[in-house]
Amino acid sequence: MTAFGLLFLLVLGLATAMRLWLDMRHIAHIEAHRGRVPEQFTTEVSLSAHERAADYTCTKTRLALLGVAIDTALVLVLVFGGGVQFLYDLASLGFESEVARGLALIALVSILTTLVELPLGLYRTFRVEERFGFNKMTPKLYWIDFAKSTMLAAAFGLPLVACVLWLMEAAGTYWWLYAWIVWVVFNVLMLAIYPTWIAPLFNRFSPMEDPALKERVEQLLTRCGFKVKGLMVMDGSRRTSHGNAYFTGFGNSKRIVFFDTLISRL
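Every value quoted in this text rests on a predicted model; they were computed, and no experiment measured them. (Residues numbered from 1 in each chain as written. Predicted model: local features only at pLDDT ≥ 70, side-chain atom pairs only at ≥ 80, totals over all residues. Heavy atoms only, no water.)

A.B. asks: It is not clear to me how the side chain of Thr 59 should be interpreted in this structure. Could you clarify?
C.D. replies: Along the chain, the position of Thr 59 falls in helix 2 (residues 47-79). The residues touching Thr 59, leaving out its near neighbours within four places in the chain, are Val 128, Arg 131 and Phe 132. (Helix = DSSP H or I, 4+ residues; strand = E, 2+ residues; numbered from the N terminus. Contact = heavy atoms within 4.5 Å.)

A.B. asks: Mind showing me how you'd approach the packing of aromatic side chains here?
C.D. replies: Both the distance between ring centres and the angle between the ring planes are used here to describe each pair of aromatic rings. Summed over the entire model, instances satisfying the criterion amount to nine aromatic pairs. Relative to Phe 132, the ring of Tyr 56 lies with its centre 5.3 Å away and its plane at 65°, an arrangement referred to as edge-to-face. Pair noted here: Tyr 56 is in helix 2 and Phe 132 is in the loop between helix 4 (98-131) and helix 5 (139-170), with a separation of 76 residues, a long-range link. Neither Tyr 56 nor Phe 132 differs from the other in exposure class; each is buried. (Phe/Tyr/Trp six-rings, centres within 6.5 Å; stacked < 30°, edge-to-face > 60°. Buried < 20%, exposed > 50% of the residue type's maximum accessible area, 1.4 Å probe, protein only.)

A.B. asks: Would you mind going over the sheet that holds strand 4 (residues 255-259) with me for this structure?
C.D. replies: Each strand in a sheet pairs with its neighbour through backbone hydrogen bonds, running either in the same direction (parallel) or in the opposite one (antiparallel). The sheet built from four strands is open, its strands ordered 1-2-4-3 with mixed pairing. Only two strands of the sheet have a single neighbouring strand rather than two, namely strand 1 (205-207) and strand 3 (245-248). Looking at each pair of strands side by side, their axes are set apart by 30° on average, direction ignored. Taken together, the four bridges between strand 3 and strand 4 define a ladder with antiparallel strand orientation. If you follow Thr 248 over to strand 4, its bridge partner there is Arg 255. (Pairing = 2+ DSSP bridges. Axes fitted to C-alpha atoms, helices over the stretch in contact; angles between N-to-C directions.)

A.B. asks: Would you take a moment to explain helix 6 (residues 175-198) for this structure?
C.D. replies: In an α-helix, one full turn covers 3.6 residues, which means residues spaced three or four apart are oriented alike. If you check helix 6, its first and last C-alpha atoms are just 30 Å apart, much less than what 24 residues at 1.5 Å a residue would give, namely 34 Å. Of all the bends in helix 6, the largest measures some 40° and sits at Ala 192, one to four residues before the proline Pro 195. Where helix 6 is concerned, the buried positions are Ala 179, Phe 186, Met 190, Ile 193, Pro 195 and Ile 198. Tucked inside the fold, the buried residues of helix 6 contact helix 5, strand 3 and strand 4. (Expected span 1.5 Å × (residues − 1). Bend = angle between axes of the 7 residues up to and from the residue.)

A.B. asks: Where do I start with the pattern of salt bridges in this structure?
C.D. replies: When charged atoms on two side chains of opposite charge get close, those side chains can pair. Counted under the stated rule, the structure contains seven salt bridges. Between Arg 204 and Asp 235 there is a salt bridge, and its shortest N-O distance comes to 3.6 Å. In this pair, Arg 204 is assigned in the loop between helix 6 and strand 1 and Asp 235 in the loop between strand 2 (230-234) and strand 3, connecting sequence segments 31 residues apart. Via salt bridges that share partners, Arg 34, Glu 51 and Asp 55 belong to a single interconnected network. (Salt bridge = Lys/Arg side-chain N within 4 Å of Asp/Glu carboxyl O.)

A.B. asks: Explain the layout of surface pockets to me, please; I cannot follow it from the model alone.
C.D. replies: Any empty space left between the atoms is revealed when a probe the size of a water molecule rolls over them. Put simply, the largest pocket is a space of about 420 Å³. What lines the largest pocket is a set of 15 residues, and nearest its centre among them are Ser 110, Ile 111, Thr 114, Thr 150 and Ala 153. At the level of secondary structure, the elements contributing two or more residues to the lining of the largest pocket comprise helix 4 and helix 5. It is helix 5 that contributes the most residues to the lining of the largest pocket, eight residues altogether. Residues that form the lining of the largest pocket fall into these classes: ten nonpolar, five polar and no charged. Quantified by volume, the second largest pocket comes out at close to 270 Å³. (1 Å grid on protein atoms, 1.4 Å probe; cavity = no way out; pocket = protein on both sides within 12 Å on 5 of 7 lines; lining within 4 Å. Points joined across faces, edges and corners; volume = space filled by probe spheres on them. Nonpolar A, V, L, I, M, F, W, Y, C, P; charged D, E, K, R; others polar.)

A.B. asks: I tried to follow a nonpolar patch on the surface on my own but got confused; where do I start?
C.D. replies: Residues Tyr 174, Trp 176, Leu 177, Tyr 178, Trp 180, Ile 181, Val 184, Val 185, Val 188, Leu 191 and Phe 250 make up a contiguous nonpolar surface patch of about 1,100 Å² in total accessible area. Following the sequence through the fold, Leu 191 ends up in helix 6. By relative accessible area, Leu 191 is classed as partly exposed at 40%. (Patch = residues over 30% accessible without salt bridge, like charges linked within 9 Å, V, L, I, M, F, W, Y side chains within 5 Å. Areas by Shrake-Rupley, 256 points an atom, 1.4 Å probe, with all protein chains shown as cover.)

A.B. asks: What is the right way to look at the packing of helix 2 against helix 4 in this model?
C.D. replies: Packed helix pairs are specified by the crossing angle of their axes together with the interaxial distance, meaning the distance between the axes. Running from N to C, helix 2 and helix 4 cross one another at 165°; their axes reach a closest spacing of 11 Å. Taken as axis vectors, helix 2 and helix 4 run roughly antiparallel relative to one another. Handedness of the helix 2/helix 4 crossing: right-handed. Each of Arg 52, Tyr 56, Thr 59, Lys 60, Leu 63, Leu 66, Gly 67, Ile 70, Asp 71, Leu 74 and Leu 78 in helix 2 lies in contact with helix 4, whose residues at this interface are Val 109, Leu 112, Thr 113, Val 116, Glu 117, Leu 120, Tyr 123, Arg 124, Val 128, Glu 129 and Arg 131. Taken together, the residues that form the contact of helix 2 with helix 4 break down as twelve nonpolar, three polar and seven charged. (Parallel < 35°, antiparallel > 145°, perpendicular 65-115°, else oblique. Left-handed = near helix turned anticlockwise from the far one by under 90°.)

This is the structure:
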């Protein structure tokens, strides 16, 4: 094994150990305080709700521990078990261009990673979230989302990767600088088009209709000196009963999005 290989293995081991240790500390802390509601919330949160929240967080974190172990094992197989070389040889069968081979290699690694991670995603959605009453996703909707995400990843990711591979081959010493510029431009473009072109492929968005709530949020934005194009409500209840909100966009596409579940609960 080369010195770089040893260094990579060391860094991987340290990173994995740190992630596992932090997650286990997280679980231990929650379990130690599961039986008592914090004093400042005793009038708002019941003990049963507090215990259920603790159980939910611990269950998700244990699943994350398994995910860390699986991800680490996959990296070891790919890097030290000959996985990348095998996939490169497979990619080389149909292509003579190094750019095409590299693109096929990355596509194969992405497919393999997705297949390895898919069972955990299914279990998280249809077992963990279902068990605690959060899941509203149907199997049909899950696979529709999966297909859309896959097509979007291919439509945007493959041309980007092909561009970077071409720069590595053709741009000389400073290929990394040109690749970085391409990456920055790509990210800014995605920020700009996500709210109006990509997000609506998965959810329905409508302007906030509650005049009192809208006025309060707009007053907050005014006090903060923060400008957005719109306040939107998303049909998050199609997939989950979790309440959430997020900010997205760039330039004229900036918006704040509220889950309908958040508005109905709070």
